[in-house]
Amino acid sequence: APLEETSLPLYFGWFLLSPVQVKIGCTAMDFLKTLDTLEAFKKHIADFTGEAEKEVDLEQYFQAKRSLHCTTKFCNYGKADGAAEYAKNPVVIKSYGSVSELSLTALFVTPRTVGARVSLSEQQLQLWPADAEKEPEAAVPGSAALPAGSRAHVTLGCAEGVQPVQTGLDLLQILTLPQGEVVEEMELGSLRYYGEGRWMLSLREPICAAACFSSFYG
Ligand code: A2P
């Protein structure tokens, strides 16, 4: 194929610097380790196992991701809608290679994925595509009404056979649901249950993660 056809990346995003990758990996593992021992979690274990009474080891259940990042624009080498326009955006060009602090404000778990929610700054939102939350009504009902940046996340792990694109969809789905009751006050923050195996822990102290805005070609 001609060179220009392959010059767009698989995706643009913020890539966490290595020390913070280790820190977040450990925090996520600690969370999973504690979550599957909670009575509240065990009560809904069938969401994960298909049957009550069966146990699950969440650390084994999810395959941990390496190279942690927060995708801004999935370009699919130019095949995704708006990929070329995004790459040409002056803010994207100007920010390329710059390091900023991502604020990780929550951890969430579903039977498919585990991820960290990212709360973007005004400046970071300038790199956020306008249509990122606009999933088809059939895929995530109500997602288009969520504020820009709602989908921002870091995929930490996926269940066997699940593609990482699912993490953003799981987060959007949780955010469209009414906020559940706090079921447990954990050391890291407040844990809420959203039904169908969906859990979200709002961090008492957001995790500050230095990250470089760049792209991945694969
Ligand atoms: P995420 O950003 O949730 O981690 P893959 O390996 O499947 O090609 O994906 C590469 C990266 O691009 C992953 O980080 C993934 O999910 C993200 N991604 C894949 N497909 C999409 C999509 N359709 N929309 C948004 N992000 C996507």
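Here, the structure is the one placed above.
This text gives an overview of the structure that appears in the document. Quick caveat: nothing in here was measured; it's all calculated off a predicted structure. (Residues numbered from 1 in each chain as written. Predicted model: local features only at pLDDT ≥ 70, side-chain atom pairs only at ≥ 80, totals over all residues. Heavy atoms only, no water.)

### Overview of the site of the ligand
Here is step 1: Neighbouring the ligand are Leu10, Tyr11, His69, Thr71, Phe74, His153, Thr155, Gln163, Pro164 and Val165.
Here is step 2: Threonine 155 is positioned such that a nitrogen or oxygen atom in its side chain is 2.7 Å from an oxygen atom of the ligand.
Here is step 3: Here an oxygen atom of the ligand sits 2.9 Å away from a polar atom, N or O, in the main chain of proline 164.
Here is step 4: The set of elements that each furnish at least two residues to the shell around the ligand consists of strand E3 (69–74) and strand E6 (153–159).
Here is step 5: Among the elements that make up the shell around the ligand, the one with the highest residue count is E3 (three residues).
Here is step 6: Considering only residue class, the shell around the ligand consists of five nonpolar, five polar and no charged. (Near = heavy atom within 4 Å. Polar contact = N/O pair within 3.5 Å; in protein donor to acceptor, adjacent residues only side chain to side chain. Helix = DSSP H or I, 4+ residues; strand = E, 2+ residues; numbered from the N terminus. Nonpolar A, V, L, I, M, F, W, Y, C, P; charged D, E, K, R; others polar.)

### Here's the deal with the environment of asparagine 89
Here is step 1: For asparagine 89, the position within the fold is in the loop between helix H5 (83–88) and helix H6 (90–95).
Here is step 2: Side-chain polar atoms of asparagine 89 contact the backbone nitrogen of valine 91, separated by 2.9 Å.

### Description of the side chain of threonine 113
Here is step 1: Within the fold, threonine 113 resides in strand E5 (residues 113–119).
Here is step 2: Polar contacts involving the side chain of threonine 113 include one to the side chain of aspartate 170, which spans 2.8 Å.

### Details of the packing of aromatic side chains
Here is step 1: Tallied over the full model, the rule gives twelve aromatic pairs.
Here is step 2: Measuring from centroid to centroid gives 6.2 Å for phenylalanine 12 and phenylalanine 213, while their planes differ by 20°, and the two rings are stacked. One end of the pair, phenylalanine 12, is in strand E1 (residues 11–16); the other, phenylalanine 213, is in strand E9 (residues 199–216), with 201 residues separating them in the sequence. Just as phenylalanine 12 is buried, phenylalanine 213 falls in that class too.
Here is step 3: Aromatic side chains tyrosine 61 and phenylalanine 62 sit 5.0 Å apart centroid to centroid with 80° between the ring planes, which places their arrangement in the edge-to-face category.
Here is step 4: The class for phenylalanine 62 is buried, based on a relative accessible area of 5%.
Here is step 5: In this structure an aromatic cluster arises from ring pairing among Phe41, Phe48, Tyr61, Phe62, Tyr193 and Trp199. (Phe/Tyr/Trp six-rings, centres within 6.5 Å; stacked < 30°, edge-to-face > 60°. Buried < 20%, exposed > 50% of the residue type's maximum accessible area, 1.4 Å probe, protein only.)

### Points about the pattern of salt bridges
Side chains that carry opposite charge are capable of pairing whenever their charged atoms lie near each other.
Here is step 1: If you walk through the whole model with that rule in mind, you get six salt bridges.
Here is step 2: Note that lysine 42 is salt-bridged to glutamate 39, the shortest N-O span being 4.0 Å. Of the two residues, lysine 42 and glutamate 39 are both situated in helix H2 (residues 39–43); the distance of three residues between them amounts to about one turn of the helix.
Here is step 3: Residue lysine 42 is classed as partly exposed on the basis of its relative accessible area, which comes to 36%.
Here is step 4: With a relative accessible area of 57%, glutamate 39 lands in the exposed category. (Salt bridge = Lys/Arg side-chain N within 4 Å of Asp/Glu carboxyl O.)

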